[in-house]
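Geometric and topological summary
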Amino acid sequence: MSTKKVQRLDRVVIRFAGDSGDGMQLTGDRFTSQTALLGNDLSTLPNFPAEIRAPQGTLPGVSSFQLHFADHNVLTPGDAPDVLVAMNPAALKANLRDLPRGATIIVNTDEFTKRNLSKVGYAQSPVDDGSLESYHVHPVALTSIAVEALASFSDLTRKEKERAKNMFALGLLSWLYTRPMEGTEAFLKSKFADNPDILEANLTALHAGFNYGETTEDFAVSYEVAPAAMEPGTYRNVTGNVALSLGLVAAAHRARLPLFLGSYPITPASDILHTLAGLKRYGVATMQAEDEIAGVGAALGASFGGALGVTTTSGPGLALKAETIGLAVSLELPLVVCDIQRGGPSTGLPTKTEQADLLQALFGRNGESPVAVVAPSTPADCFDIAVEAVRIATTYRTPVIVLSDGYLANGSEPWRLPSTAALPDLSVEFASEPNAVNADGAPVFHPYQRDPETLARPWAIPGTAGLEHRIGGIEKADVTGNISYDPDNHDRMTRLRQAKIDGIAATIPPLEVEDPSGEAKVLVVGWGSTYGPIAAAVRLARGAGARVAQAHLRHLNPFPANTGEVLRRYDRVIVPEMNLGQLAMLLRAKYLVDARSHTSVRGLPFQAAELADVISQAVKEASA
Amino acid sequence: MTTDLRMPLHLLPADAESGTGSVPLLEAGQALTKKDFTSDQEVRWCPGCGDYAILAAVQGFLPELGLKRENIVFVSGIGCSSRFPYYLDTYGMHSIHGRAPAIATGLAATREDLSVWVVTGDGDALSIGGNHLIHALRRNVNLTILLFNNEIYGLTKGQYSPTSRVGQVTKSTPLGSLDTPFNPVSLALGAEASFVARTMDSDRQHLTSVLRAAAEHRGSALVEIYQNCPIFNDGVFDVLKDRTQAEARILHLVDGQEVAAGDRVVVRDDRGALSLVPRVEADPSRIVVHDVAAQDPSAAFALSRLDSPDLAHVPMGVFRDVARPTYDDALREQVASARTVEVTDADIDALLAGRDTWTVGG
């Protein structure tokens, strides 16, 4: 038992930072799992370079993982870390500017060599030169203590022993924040099942780190963060990409359709392909296609055959898929396209987040080519949005674009598990019989004869006798689906396709406004992954006395039917976005309201405090 | 009607080695005719287009397969040839330029009960869609790909194509085209195709026999069909259609038989290179005897290199027909062997829960 003092905290933000090869993502991930099991609410922000291994010890090679956990509901991974674990000088230098004065820094002094210091432009070690005086610095020789702890492992090389330093750090932090380590032990046992030496070394380093915390005089106090009050239920921690994958599988199950994914690897979407590729036992077929175009093409082919065709990508891939999505608009077949957005244009910032594909999703195709567009607001919401995308795609026989992003994809939060049986019934009716008669009175099939309510055309799949028909990208005659170049027919079909998408608004929930005062004059409207930061900022602004309302759009095309009415209720509408004002442009164009943009494209989510200032300022101006 | 189309629980039936082995057959006593495969759409190719002959041959051949008509699907890209599906009363998709092999791959992968055909042209398959073609062949997806080669872009009104001969004067190459053409057969063999054949629009009997072999083949079957464009490249294959000249120019590829044209035969030299020599001068031990099932594709490739740009000699027939695992069968097998029981709501609940959960009491 520890004899040290234990202090209670309500929230902590920790950032693990090190070289790309130091295992910081794994360390952060494990710490997160331990924290989730303890019942804290949490939110994470992994941040890593696009290069797999940038030169060791350099600034471009720094990889970090930030975790915000609390005894209450948290909305963001936190603006500023309370604790920074810096595994080398580059990690310290790259992250120091985000640290408020008074924060705790744990540095791995073994890596603060002359050579490593000079790689990042330090003339002398900041640990010794007094420049970190305003922080609580804990210099720990993480590497050498870990190696020392593994002295008895004679079969391991020094390099292999050094690699266990991240587990040592994890053990130390587990002690410091009173985290249970059983989950990590089980994880290591399964990961290194085939390599008992490495397994033992990692377990030993983990415990050595924990014991080091308990015995060293350098750490006088350890901390506890009590579980958060959460809705009753069973929870797990989940990243956006995993939640999206699971949502697709659950929705396919509820639709009683086989799920077919055609995909080409691209950051930050590839994890969906990886996850689904491992789920064949649930009837999921995945194909790693030769390119983005083939990925969506194969998915569309599968949809034609009666499967649930899905493709996953990021911005550059969405550009390549545009023509095929246009074909799907013309064929009026279900198709789910998941765009996990990243910084652009072109290759842009592959591992950084952005939400600048909104206009591409809505309009990035030739001709009048409307598709449904939805966006999840949190990592766990990626599950629900996947189910919603499948509902829209199968009901309306249309492509649906899901706009997630790198922040949601890799970030995680606790997810209250839904009951599969309680998910919507998405079962699909395939056409089975002719739906018309010809001039001679004989039964015929008209592939473009629409459902009067949804305007969806029949989904008549090959193998159904009597419904043989041909469809294609050339304009089709209304009802019969034959090729038609008739001007009036094209006008009518263009309007019908648009009306079908507009009509989806009838089945989506109205835009809800959260305004506890009921007297707000300023409304903050966001979409997608900015939900957490906006909600946190609104909370801060309200705490400072501002009356402000918040609404968040999950449906971007069509918008909820009451959107215009909601916007017009407020004197001022602020639209924070990680682009240069794409939603604001749409709202202004569609509803003639004076929506004002607040934008940031730094590859990182908004900081709540910064956003709170913007909101408070707007509230002040609106009431002046 | 709600149809359960889940991935199959059972592996393929034993007779699935044939290209159409997993496609439902007509009931005993039922038969279809060419008329059953003729749609009500007016055919709109130019008068004299080679596509008419190919359409007639395909419509005439399909009943022979004895398959249920509703289980046959034609997928095409863009170009004159790609209008083909509209004229067949089967299921069909006229898709976008070059992408038909990718779309057909998704369809074939999810529906083993379909006979999936791709109709494409030299521009569609070899230019804009080159990547999809080679990868479909590499994967060996169970598709029959009909590549109509007229060595010109017809639908865009007469630009040179990736099979046009060097120096061809067209609207876009007024001083003659500069780039070396593809040999579609060589390309397909290089892409690991398990079945490659060449035939011609005007030779109904040969075309039908090649279609028969291609349909029988399980895996990707590429059939190059020389096809005349009467408007922009008229007569490009005429020397092969003129009976008096054809005999000396066409090297008939018949399994187990010597490769010969007229009084010349193909011989192999010490280094493996093939050449055409008068039969009377040929060393009988060096005369090439065609083996369509040779696992090593180099013999088939060497035959494909006997093409001469002036059509002085052109191999026709099935170059290669070997059995190897198909992508779509293997994918279905992976799913089927992983999915041994029906998935229940409880299974999905367990999947969603994963390994690390915690419970918050109410």
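Residues numbered from 1 in each chain as written. Chains lettered and ligands numbered in written order. Predicted model: local features only at pLDDT ≥ 70, side-chain atom pairs only at ≥ 80, totals over all residues. Heavy atoms only, no water.

**Observations regarding the overall build of chain B**
Stated formally: Only DSSP runs of H or I covering at least 4 residues are called helices, and only runs of E covering at least 2 are called strands; the numbering of each starts at the N terminus. Our radius of gyration looks at C-alpha atoms and nothing else; its globule reference is 2.2 Å times the residue count to the power 0.38. To sort residues, take the accessible area from a 1.4 Å probe on protein chains only and compare it with the maximum for the residue type: under 20% means buried, over 50% means exposed, and anything in between is partly exposed. The protein chains shown are the only cover counted for residues, whose accessible areas, like all others here, come from Shrake-Rupley with a 1.4 Å probe. Counting rule applied: Lys, Arg positive; Asp, Glu negative; His and chain ends not counted. To locate a charge, the coordinates of NZ of Lys, CZ of Arg, CG of Asp or CD of Glu are taken.
Across its full length, chain B holds 11 helices and 12 strands. Here chain B has a C-alpha radius of gyration of 23 Å; the compact-globule value for 362 residues is 21 Å, and the two agree. Dimensions of chain B along its principal axes, counting C-alpha atoms only, are 90 × 50 × 50 Å. Expressed as a percentage of the 362 residues in chain B, the buried residues total 57%. With an accessible surface of roughly 14,800 Å², chain B has 53% of that area assigned to carbon and sulfur atoms. Positive and negative side-chain charges of chain B, numbering 32 and 46 respectively, have mean locations separated by a distance of 4 Å.

**Remarks on the interface of chain A and chain B**
For the record, the criterion: Here, two residues are considered to be in contact whenever any of their heavy atoms come within 4.5 Å of each other. Summed over both partners, the accessible area (1.4 Å probe) lost when two parts come together is defined as the buried area. Here, a salt bridge means any side-chain nitrogen of Lys or Arg that lies within 4 Å of a carboxyl oxygen of Asp or Glu. Throughout this description, a polar contact denotes any pair of N or O atoms lying within 3.5 Å of each other; where both atoms belong to protein, one of them has to be capable of donating a hydrogen while the other can accept it, and for residues adjacent in sequence the pair is counted only when both atoms sit in side chains. Only Asp, Glu, Lys and Arg are considered charged in this grouping, and only Ala, Val, Leu, Ile, Met, Phe, Trp, Tyr, Cys and Pro are considered nonpolar; every other residue, Gly among them, is considered polar. In this scheme, strands are said to pair when DSSP sees at least two bridges between them.
Facing 80 residues of chain A, the contacting portion of chain B comprises 65 residues. Between chain A and chain B, the buried area comes to about 6,100 Å², and carbon and sulfur atoms account for 61% of it. For the interface between chain A and chain B, the tally reads 4 salt bridges. Across the salt bridge formed by Arg254(A) and Asp345(B), the nearest N and O atoms sit 3.9 Å from each other. Counting every contact that joins chain A to chain B gives 24 residue pairs in polar contact (both at pLDDT 80 or more). At 7 residues, the largest contribution of residues to the side of chain A that touches chain B is made by helix H11 (residues 292-304) of chain A. Residues belonging to the side of chain A that touches chain B are distributed by class as follows: 42 nonpolar, 25 polar and 13 charged. Where strand S19 (residues 470-472) of chain A lies against strand S2 (residues 91-94) of chain B, 3 bridges are found, and the strand directions are parallel. Along S2(B), the bridge assignment pairs Ile471(A) with Met93(B).

**Here's the deal with the packing of helix H9 (residues 240-255) of chain A against helix H14 (residues 381-396) of chain A**
Residues and elements named next belong to chain A. Heads up, the condition is: The axes used here are C-alpha line fits, helices contributing only the stretch in contact, and every angle between their N-to-C directions lies in the interval 0 to 180 degrees. For any helix crossing, the convention is left-handed if the near helix is rotated counterclockwise from the far helix by under a right angle, and right-handed if that rotation is clockwise.
Relative to each other, H9 and H14 sit at 35°, their axes nearing to 7 Å. Seen from above, H9 lies across H14 with right-handed handedness. Two secondary-structure elements touch here, H9 through Gly 240, Ala 243, Leu 244, Leu 246, Gly 247, Leu 248, Ala 250 and Ala 251 and H14 through Cys 382, Phe 383, Ile 385, Ala 386, Val 387 and Val 390. Here the residues of the contact of H9 with H14 sort into 12 nonpolar, 2 polar and no charged.

**So, the UniProt feature "domain: Thiamine pyrophosphate enzyme TPP-binding" (unreviewed entry) in chain B**
Just so we agree on the cut-off: UniProt positions are given in the numbering used here, feature names are shortened, and annotations may be inferred rather than shown by experiment.
This chain's UniProt record puts "domain: Thiamine pyrophosphate enzyme TPP-binding" (unreviewed entry) on residues 78-225 of chain B. Secondary structure over residues 78-225 of chain B splits into 32% helix and 19% strand, and the C-alpha atoms at its two ends are 17 Å apart.

**Some details on the UniProt feature "domain: Pyruvate/ketoisovalerate oxidoreductase catalytic" (unreviewed entry) in chain A**
Per the UniProt record, the feature "domain: Pyruvate/ketoisovalerate oxidoreductase catalytic" (unreviewed entry) sits at residues 21-210 of chain A. Secondary structure over residues 21-210 of chain A splits into 41% helix and 16% strand, and the C-alpha atoms at its two ends are 22 Å apart.

**Side note on the side chain of Ser600(A)**
Turning to its location among the elements, Ser600(A) is positioned in the loop between strand S25 (595-599) and helix H20 (608-623). Setting aside chain neighbours within four positions, we find Ser600(A) in contact with Glu577(A), Met578(A), Asn579(A) and Phe606(A).

**A short note on the sheet that holds strand S22 (residues 548-553) of chain A**
Residues and elements named next belong to chain A. Taken in spatial order, the 5 strands line up as S20-S22-S21-S24-S25 in an open sheet, and their pairing is mixed. Every other strand in the sheet has two partners, leaving strand S20 (513-514) and S25 as the edge strands with one partner each. Looking at chain direction, strand S21 (residues 522-527) and S22 are connected through 6 bridges and run parallel. Residue pairing for S22: Trp 527 is matched across the bridge by Leu 553. Packing of helix H19 (residues 582-591) onto the sheet brings it into contact with S21, S22, strand S24 (572-577) and S25, and relative to S24 it is tilted by some 145°. Across the sheet, H20 lies against S21, S22, S24 and S25, angled at about 165° from S24, the strand it touches most.

**Remarks on the side chain of Glu332(A)**
Residue and element names in this part refer to chain A. You can see Glu 332 is positioned in the loop between helix H12 (315-331) and strand S13 (335-341). By relative accessible area, Glu 332 is classed as buried at 1%. Looking at Glu 332, its side chain comes within polar contact range of the side chain of Arg 450, at 2.8 Å. Not counting residues within four places of it along the chain, the set of residues in contact with Glu 332 comprises Arg 397, Tyr 448, Arg 450, Leu 455, Arg 457, Arg 497 and Lys 500.

**As for the packing of aromatic side chains**
Convention followed: Only the six-membered ring of Trp is used, alongside the rings of Phe and Tyr, when aromatic pairs are assigned; centres must lie within 6.5 Å, and planes under 30 degrees apart are stacked while those over 60 apart are edge-to-face, with the rest tilted. The criterion is that NZ of a Lys, or CZ of an Arg, lies within 6 Å of the ring centre and within 35 degrees of the ring normal, and then a charge sits over that ring.
Across all of its chains, the model carries 18 aromatic pairs over all chains by this definition. With 5.7 Å between their ring centres and 85° between their planes, Trp45(B) and Tyr52(B) make a pair best called edge-to-face. Residue Tyr52(B) is classed as partly exposed on the basis of its relative accessible area, which comes to 32%. Three or more aromatic residues joined by ring pairs form one cluster here, namely Trp45(B), Tyr52(B), Phe61(B), Phe74(B), Phe84(B), Tyr87(B), Trp117(B) and Phe148(B). Over the face of the ring belonging to Tyr122(A) we find Lys93(A), whose NZ or CZ atom lies 5.0 Å from the ring centre. In this structure, Arg139(B) packs its charged tip against the face of Tyr327(B), placed 5.6 Å from the ring centre.

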